[in-house]
Each structure stands twice: as C-alpha cells, then as structure tokens.
Amino acid sequence: MIHRFIRPLPAALALALLLLQAPTARGQGEEAAATGTLRAEVETTDDETLARGLEQRFDQIDDLAGVEASAEAGVVTLAGKVLSEADRLEAEELARQIEGVAGVSNRIEVELDPRLRLAPALDEATDRLRTLISYLPLFLIALVIVVLFYLLARWVGRWDGLYARIAHNRFAQDILRQAVRTGILVVGILVALELLDATALVGAVLGAAGVLGLALGFAFRDLVENYLASVLMSLRQPFAPNDHVRIDDLEGKVVRLTSRATILMTLDGNHLRIPNSQVFKGVILNYSRNPNRRFDFGVGVGVGEDLVEAQRLGVDALVTMESVLEDPGPRALITELGDSSVTLRFWGWVDQREADFGKVKGEAIRRVKKVLEGAGMDLPEPIYRIHMVRGGAPEPATPPAAPPNRDHVADLTPDDDVERQIAEDRATDEGGTDLLSESGPTE
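Small disclaimer: the values here were computed from a predicted structure and weren't measured.

The rules behind the values
- Residues numbered from 1 in each chain as written.
- Predicted model: local features only at pLDDT ≥ 70, side-chain atom pairs only at ≥ 80, totals over all residues.
- Heavy atoms only, no water.
- Helix = DSSP H or I, 4+ residues; strand = E, 2+ residues; numbered from the N terminus.
- Buried < 20%, exposed > 50% of the residue type's maximum accessible area, 1.4 Å probe, protein only.
- Contact = heavy atoms within 4.5 Å.
- Areas by Shrake-Rupley, 256 points an atom, 1.4 Å probe, with all protein chains shown as cover.
- Patch = residues over 30% accessible without salt bridge, like charges linked within 9 Å, V, L, I, M, F, W, Y side chains within 5 Å.
- Salt bridge = Lys/Arg side-chain N within 4 Å of Asp/Glu carboxyl O.
- Pairing = 2+ DSSP bridges.
- Axes fitted to C-alpha atoms, helices over the stretch in contact; angles between N-to-C directions.
- Phe/Tyr/Trp six-rings, centres within 6.5 Å; stacked < 30°, edge-to-face > 60°.
- Parallel < 35°, antiparallel > 145°, perpendicular 65-115°, else oblique.
- Left-handed = near helix turned anticlockwise from the far one by under 90°.
- Right-handed = clockwise from strand over helix to strand, strands pointing away.

**What about the overall build of the protein chain?**
Phase 1: Helix and strand counts for the protein chain stand at 12 helices and 11 strands.
Phase 2: Burial status across the protein chain gives 27% buried among its 443 residues.
Phase 3: Considering only contacts in the protein chain between residues 6 or more positions apart, those separated by 24 or more positions represent 68%.
Phase 4: Accessible area for the protein chain stands at about 29,900 Å²; split by element, carbon and sulfur atoms hold 59% of it.

**As for a nonpolar patch on the surface**
Phase 1: A contiguous nonpolar patch, built from Leu 129, Leu 132, Ile 133, Tyr 135, Leu 136, Phe 139 and Leu 140 and spanning about 660 Å² of accessible area, is present on the exposed surface.
Phase 2: Relative to the helices and strands, Leu 129 is located in helix α4 (residues 114-157).

**Here we look at the sheet that holds strand β10 (residues 331-337)**
Phase 1: The strand order across the open sheet formed by 3 strands is β9-β11-β10, and the pairing between neighbours is antiparallel. Two strands bound the open sheet, and with one partner strand each, they are β9 (292-301) and β10. Each strand axis lies, on average, 25° off the axis of its neighbour in the sheet, ignoring direction.
Phase 2: In terms of strand pairing, β10 meets strand β11 (residues 342-351) through 6 bridges, oriented antiparallel. The residue bridging Leu 337 from the neighbouring strand is Val 342, located in β11.
Phase 3: This element, helix α10 (residues 307-319), spans β9, β10 and β11 of the sheet and lies at about 20° to β11.
Phase 4: The strands that helix α11 (residues 357-374) touches are β9 and β11; relative to β9, the one it contacts most, it runs at about 30°.

**As for the packing of aromatic side chains**
Phase 1: In the structure shown here, the tally under the stated rule is 3 aromatic pairs.
Phase 2: Centroid distance Phe 297 to Phe 346: 5.7 Å. Interplanar angle 25°. Geometry classified as stacked. Taken together, the residues span a long stretch of sequence, with Phe 297 in strand β9 and Phe 346 in strand β11 at a distance of 49 residues. Phe 346 shares its class with Phe 297; the two are buried.
Phase 3: Grouping aromatic residues by their ring pairs yields a cluster made of Phe 295, Phe 297 and Phe 346.

**Section: the packing of α10 against α11**
Two quantities define a packed helix pair, namely the angle between the axes and the distance from one axis to the other.
Phase 1: Two numbers describe how α10 lies on α11: the axes approach to 9 Å, and their chain directions differ by 135°. If you check the angle between α10 and α11, you find them oblique. Note that α10 runs across α11; the crossing there is right-handed. Along its contact with α10, which presents Ala 310, Leu 313, Gly 314, Ala 317 and Leu 318, the element α11 presents Ala 364, Arg 367, Val 368, Val 371 and Leu 372.

**A few points about the pairing of strand β2 (residues 75-82)**
Phase 1: As judged from the 5 bridges shared by strand β1 (residues 68-72) and β2, these two strands associate in the antiparallel manner. What sits directly across from Ser 70, in β2, is Thr 77.
Phase 2: A loop of 2 residues connects β1 with β2, the two strands running antiparallel in sequence, and Ala 73 in this loop sits at a positive phi of about 55°.
Phase 3: One ladder, built from 8 bridges, connects β2 with strand β3 (residues 103-110); its direction is parallel. Across the sheet, the residue bridging to Val 76 is Val 104, located in β3.
Phase 4: The parallel pair β2 and β3 is bridged by helix α3 (residues 85-97), and the resulting crossover is right-handed.

Printed below as a string of structure tokens:
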C-alpha cells in the first residue's frame, strides 16, 4: 500500500513545478515583446529626427531647399530636384557628415527645364539691378567728386612757375607736375570709394596693380631702363647740345636727349640714335667740355740727321702758328728708332673756340715738314734701297728734288658745317622732346 502511494509522488511534484514556472515564463515573453516594441519605437523616432534635422539643414541652403530626406535604420534616402550635379553631390556630402548616418541613398534628380534653371539667375540679376538703382544717387555724387578732383589736378598742373622754382630741369618739372596731378586724382578716387563704402576694393586694385606692374616690368625692362636713364641724365647732364663726344666706339656731336635715346650727328652728317641705357652705362669721352685740346703727330727723320736740331726746328715752326697755344706750349720727343728712320713726335694745344682742331693739326704737319726739308734733313720713306754693283763702286743715289718753296695762308677757323645742321635740327623740335638744357647743371 505504501509503495503504491509513493510511486506517483515524483510525477505530482513535477507537475506542480511546471505549474509554478508557467507564469514566470509567460511574463518573460511578454517583457521581451515589450522591449522589442520600445526599441523599434526609439529607432523610428531617431530616424524621423535625423530626417527632419537634415531637411532643416537643406532648407538653409537656397540651392538645396527642395531636397527631401527620409531615414530607416540609419540609412538616409535623398529625393527631390536640384539645378546642377554639383548641388546633388553637395546634398549627399552634407548627409554623410551627420552623426548617426550609416549610409546615403542619393535619388536626387538634376532639373533640366530651362525655365527653372534660368529663374535663379534672373532673380539674382533683378536683385542686383535693384541694388544698383538704390546706389545710383551715390554713384552720381561719387562721379561728381572724381570730376572735381580731375579739374583740380589739371588746374594745379598749369602752375609752371611753381614747378620751375622747385626744379630747373624741364624734364624734372614735367615728372613733378605729372606726380602732383596723379596724387590729386588718386585722392579724389579714394574719397569716392569711401562714399560708396568700397574702400576694400582699393586693396584688391593695388594688389592687382602690383602683380601687373611686376609682369610689365619684366616685359618692358629695356623701355623702363631707358626711361630711368633719361631721367638721371637729364638731372645731371653728362654733355650739352653740340658737344663732340665719343660713347664707347660711337662718335658724333650731340643733337638732343629724348626720353628713350640720345641723338648724335656723326661728323659726316648722319644721325646716330643710341639707347639711353647704353649711354648711361657706357664710357663717354667729351671732346668739347675742355676747350683746349692737344694734337700730336709723328715725323720720320733719317738716322744720320741731328735729332736735337730737328726737334728745335719743328717746335719753332709750331710756336710761330697763332692757333697753337703758348701755354701749354708745343714740344717734341724722340719716340722710336726704326729700320731706316727715327720717329720724332710733336705735340701742340689748340683752343677749339678759336680754331678748328683738324685744320690746325694738318697745318702743323705741313709746316714741320717744310722746315725740316728746308734745313736739308732727310725724311726717308719706309722702303729698302737696293744697290746694284757691277765691278766698281756703286753710284750714289740721287736725292729727290725738293719741292718749290711756296707758302700760303691756311684757314684755321672752326668748321661749323655740322653745328649749323644741328641748329636746324634742334629748331624743328616743336614737341619739346629735348631733355638737355644749356643752363642746366652738368657733370
């Protein structure tokens, strides 16, 4: 009997335990279902907040105002129409920058309707036109200010007496006058820009002008160099009109100095144009700055002649010439011993204001030759003499017959052929391009 009662006991206990656990399991299932529903509601709320915040961000940008956004599990889908591919990519980039976005599906379309594409441009043009019309009175006032300052600049630029007191050189006066005019006009422009509240434009203009000036400086380097050289040479003149100069290996008489070149007239009457940069950097030999100029020439005398006597005779011949200066006086030196002669070199000074240098030198050579030949001195030619001997003594060479003694009065006055042509050329300078001043300072 006892065994029959105990055997069913484990089954009853097991059934009782199952009945006790059933409510607990049912509660856990209901809790899990409630948690999943809450999580779904939270995710749905986050997606809606994300999409709504993204659309608000798009609304702040005019080109993206029509873009719509939706989100599901962090994946954002963009829709709508924009006017360009750049706007479409910009919307996608903005969406990817939002925290919590797992991915972006870009379904935005680019609008191809011409009317819609032109509408923003027309709106912007209309706004600009309205702004321009509102600024029109200020523009007119600014224009009047610029015109008044321009007239003031021209009026001040006509004060020739003021600039003549400041600078004696005409070219320097023109530069100063132009600088004053430009300064006054720039002040007027700055006042007009200040009235229009556009002074920031000045910095941009100056920056662009600096870059442009640098580029132009490289492009027109030679032109700028010639101009600067002309300014410096006009302030401190290295020569005056009609001066006989040699610049490097170029020789002539000065006609004029322009803003780009120095004009010379060669001794045979041709115009020679030399860039001022070359003149400024070149070696200038001025034959006219010192009126006294020395000439020299050589005479070959036979090796058997009295050289001291030959020197005395030649110097005495030069002293008797009125065009040869007494102080410093003429002189003679023995300079070379050749194969068939000894070279004597004679020097003398000429006042170029009273006599022509070339004429005096030629007359001096003629007189020295005449006095030496008159004294019976041998003036051998640079040749070799061959004596043919036939069994006896060689016959003496017959000296050449002396030329007849015919003296004449030479014209030694200065030659003004080139000077007269230069004067005519300078008289035709109606534009005032000559920067040289006869009364200006010279180096």
